Amino acid sequence: MVNIYDVIIIGAGISGLAAAHFLNKKMPSAKVCLLEKGERVGGAIKSYKKDGFLAEWGPHGFLDNSPESMEILEDTCLYQEAQQAPLGDFHRYVCHRGKLVQIPQKPQKIFTTPLLSPWAKMRVFGDLWIRPEIRDQTLGEWAARRFGKDVLPLVDAAVTGSFSGDYNRLSINAVMPGLRKLECENGSVLRGLKKKMKAGKAAPKKRLPAMNNFPQGLERLVEVLEKGKNIRYSTGVTAVKKEDGLWRVAVDGEIFSAAHLVMALPVNNGLSLLSSLKKPPVAQIPVSRICNVVLGFTDSAVIPYGFGYLAPECEKRFTLGVMFSSHMFPNRAPEGKVLIEALVGGRRHPERLELSDEEIVARVLDDISLLMELPEKPIFSKVLRPSSGIPQLEMDHPKMLDYRAALEKEYDGLYICGFGWDGIGINDMIKSSSKAVAAISAGGRGKEGAAPVKPVYF
Ligand SMILES: Cc1cc2nc3c(=O)[nH]c(=O)nc-3n(C[C@H](O)[C@H](O)[C@H](O)COP(=O)(O)OP(=O)(O)OC[C@H]3O[C@@H](n4cnc5c(N)ncnc54)[C@H](O)[C@@H]3O)c2cc1C
């Protein structure tokens with residue numbers, strides 16, 4: 001069998017599927033093949049349906065503030081199906097001194113929030129006078145230096161909600177490159193943000209973005225992208241090499257060849273294949289694992305209005321946070337019932353995932369019933385243990401990005417994207433895949449775009 005293609009994509013998660021989508025659009029005559037280790041597409045994106053409840057194993061949605069993701073929704077007509085939960089309408093809470101307190105959604109609300117003392121609020125403006133330090137720092141060190149240590153519980157909540165990570169380990173340069181650039185160029189984050197807002201004043205006022213999902217669950221996104229693609233399932237790649245100007249991709253007993261190779265894999269899976277081309281600075285990067293405790297209640301449960309809450313480590317709680325799923329999206333629970341999803345584990349507490357399902361459910365219930373009114377036992381419970389962990393962009397990450405840049409420079413036709421390289425969210429994945437395709441269609445690696453200033457929504 002002759003397996004020669006223009007482009008081979010390794011991995012059919014959202015990164016690989018998005019790359020295939022953009023390739024079909026930009027280079028319709030290109031012969032593209034996706035090689036997927038598993039029997040299904042979607043990787044971390046997987047929905048769970050039982051007894052009228054609809055939950056997610058992995059991601060619970062993506063914000064509609066990324067042009068590349070919106071392009072996919074429009075191309076596939078999925079925007080007509082998408083359900084939106086606008087950040088402007090739904091409150092988010094943080095557990096603060098044992099109570100749920102609303103997170104300020106707008107900058108001016110910071111002045112009235114009980115989450116920070118009057119002194120801590122004033123200290124935030126210390127950022128205007130503190131000179132940027134060029135060296136990389138942990139997110140915690142950086143935030144405490146610029147805005148004062150009282151903001152750390154909020155920073156913690158933000159990285160719990162995104163990375164389920166530890167702010168004392170995550171790298172500011174890797175996690176927020178755009179914000180760092182703004183700080184270094186303007187001498188202060190606040191000054192940089194003000195300048196940016198001023199420059200954008202003429203543009204129409206932007207609303208806060210909305211979280212997107214689908215009535216069938218997030219799996220709908222990958223189901224639609226799967227259609228019409230040339231995908232080889234149960235085809236795990238074991239080795240890659242460049243030979244006679246072509247990429248040779250080995251799977252069990254077969255070789256696939258192509259001029260262009262897109263590695264659309266989580267960082268650690270990518271490193272296992274790339275290390276034969278060039279030794280990486282670290283063999284593997286840390287990942288954070290969580291489990292999702294799906295709980296259904298009758299409507300006697302009083303769940304606060306909004307998206308959910310996050311609990312910083314200093315609150316010493318068992319549960320990292322809870323999503324109020326049936327508030328966010330309709331049809332997540334049968335009529336007259338409510339669904340919430342509680343997250344357990346994370347970078348700091350992997351040992352909690354060793355507990356049995358029964359024990360996890362019991363400890364979650366003990367914890368959350370002190371924060372919400374849950375007069376009756378759940379009528380439904382299920383512990384979902386996703387096999388994917390969330391890659392942690394810690395202090396070694398900038399070195400990993402240099403490694404990737406060096407590899408892509410040394411090897412023509414190699415494009416590396418996927419979970420944990422340029423971020424961890426679905427929008428980051430789609431953006432990165434789109435960039436790889438733009439480079440392929442331009443005949444090689446394009447100029448790297450400026451790092452975007454990512455807003456922190458949690
Ligand atoms: C618990 C959890 C919650 C999350 N929540 C959110 C959220 O709310 N919002 C958000 O935006 N993002 C969230 N994310 C992140 C989001 O899921 C990822 O950004 C995204 O799914 C990564 O897609 P990917 O295609 O890069 O990787 P993956 O989804 O991991 O897909 C990689 C694919 O490659 C395949 N593969 C691996 N090795 C090989 C090989 N050797 N050969 C061939 N195929 C191979 C795998 O089988 C898999 O199908 C969450 C992630 C997790 C784990």
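In this text, all values refer to a predicted model and were calculated from it rather than measured experimentally. (Residues numbered from 1 in each chain as written. Predicted model: local features only at pLDDT ≥ 70, side-chain atom pairs only at ≥ 80, totals over all residues.)

**Observations concerning helix α14 (residues 426–441)**
Three- or four-residue spacings in an α-helix give side chains the same orientation, since the helix completes a turn every 3.6 residues.
Right, on to step 1. For α14, with 16 residues, the first-to-last C-alpha span of 23 Å sits near the 22 Å given by 1.5 Å per residue.
Right, on to step 2. The buried count for α14 comes to 13 of 16 residues, which makes it a mostly enclosed element.
Right, on to step 3. Gly-443 occupies a position one or two residues after α14 and carries a positive phi of about 85°. (Helix = DSSP H or I, 4+ residues; strand = E, 2+ residues; numbered from the N terminus. Expected span 1.5 Å × (residues − 1). Buried ≥ 20, exposed ≤ 12 C-beta atoms within 10 Å, placed from the backbone.)

**Details of the environment of Lys-431**
Right, on to step 1. Its location among the elements puts Lys-431 in helix α14.
Right, on to step 2. Placed 191 residues apart in sequence, Lys-431 and Val-240 show a C-alpha to C-alpha distance of 24 Å.
Right, on to step 3. In this structure Lys-431 touches Ser-66 and Glu-68, once residues within four positions along its chain are discounted. (Contact = placed C-beta atoms within 7 Å.)

**Thoughts on the sheet that holds strand β19 (residues 380–384)**
Right, on to step 1. The 7 strands lie next to each other as β8-β7-β16-β17-β18-β15-β19, forming an open sheet whose pairing is mixed. Looking at which strands have only one partner, the edges of the open sheet turn out to be β8 (99–102) and β19. This sheet shows a mean twist of 25° between the axes of neighbouring strands, independent of strand direction.
Right, on to step 2. Most of the contacts of helix α5 (residues 152–162) go to strand β16 (residues 308–310), to which it runs at about 120°, and overall it touches β7 (92–96), β16 and β17 (321–323). (Pairing = 2+ DSSP bridges. Axes fitted to C-alpha atoms, helices over the stretch in contact; angles between N-to-C directions.)

**So, unusual backbone geometry**
Right, on to step 1. One non-glycine residue, Ser-234, lies in positive phi territory at about 50°.
Right, on to step 2. Here Ser-234 is to be found in the loop between β10 (231–232) and β11 (237–243).
Right, on to step 3. The residue Asn-331 is not glycine, and still its phi comes out positive at about 55°.
Right, on to step 4. On the basis of neighbour count, Asn-331 is assigned to the partly exposed category, with 15 C-beta atoms found within 10 Å.

**Some thoughts on the site of the ligand**
Right, on to step 1. The ligand sits among 35 residues. The nearest are Gly-11, Gly-13, Gly-43, Pro-59 and Gly-425.
Right, on to step 2. Counting residues per element, the shell around the ligand draws most heavily on helix α1 (residues 14–26), which supplies 3 residues.
Right, on to step 3. Among the residues making up the shell around the ligand, the classes are represented as 19 nonpolar, 14 polar and 2 charged.
Right, on to step 4. Built from parts of two domains, the shell around the ligand gets at least three residues from each of domain 1 (4–45 + 218–286 + 393–441) and domain 2 (61–66 + 83–88 + 290–385). (Near = placed C-beta within 6 Å. Nonpolar A, V, L, I, M, F, W, Y, C, P; charged D, E, K, R; others polar. Domains from an automatic or database assignment.)

**Structural notes on the sheet that holds strand β5 (residues 62–63)**
Right, on to step 1. One open sheet accounts for 3 strands, arranged β5-β9-β6; its pairing is antiparallel. Taken across any chain shown, the strands that pair with only one partner, and hence form the sheet edges, are β5 and β6 (83–86).
Right, on to step 2. Relative to strand β9 (residues 210–213), β6 is paired through 4 bridges, and the arrangement is antiparallel. Across the sheet, the residue bridging to Pro-86 is Ala-210, located in β9.

**Structural notes on the pairing of strand β1 (residues 4–10)**
Each regular strand displays side chains that alternate between the two surfaces of the sheet.
Right, on to step 1. By the criterion of burial, β1 is predominantly enclosed, with 5 of the 7 residues buried.
Right, on to step 2. Bridging between β1 and strand β13 (residues 254–264) involves 6 bridges; their strand directions are parallel. Along β13, the bridge assignment pairs Ile-9 with Val-262.
Right, on to step 3. Note: β1 against strand β2 (residues 32–35), 4 bridges, orientation parallel.

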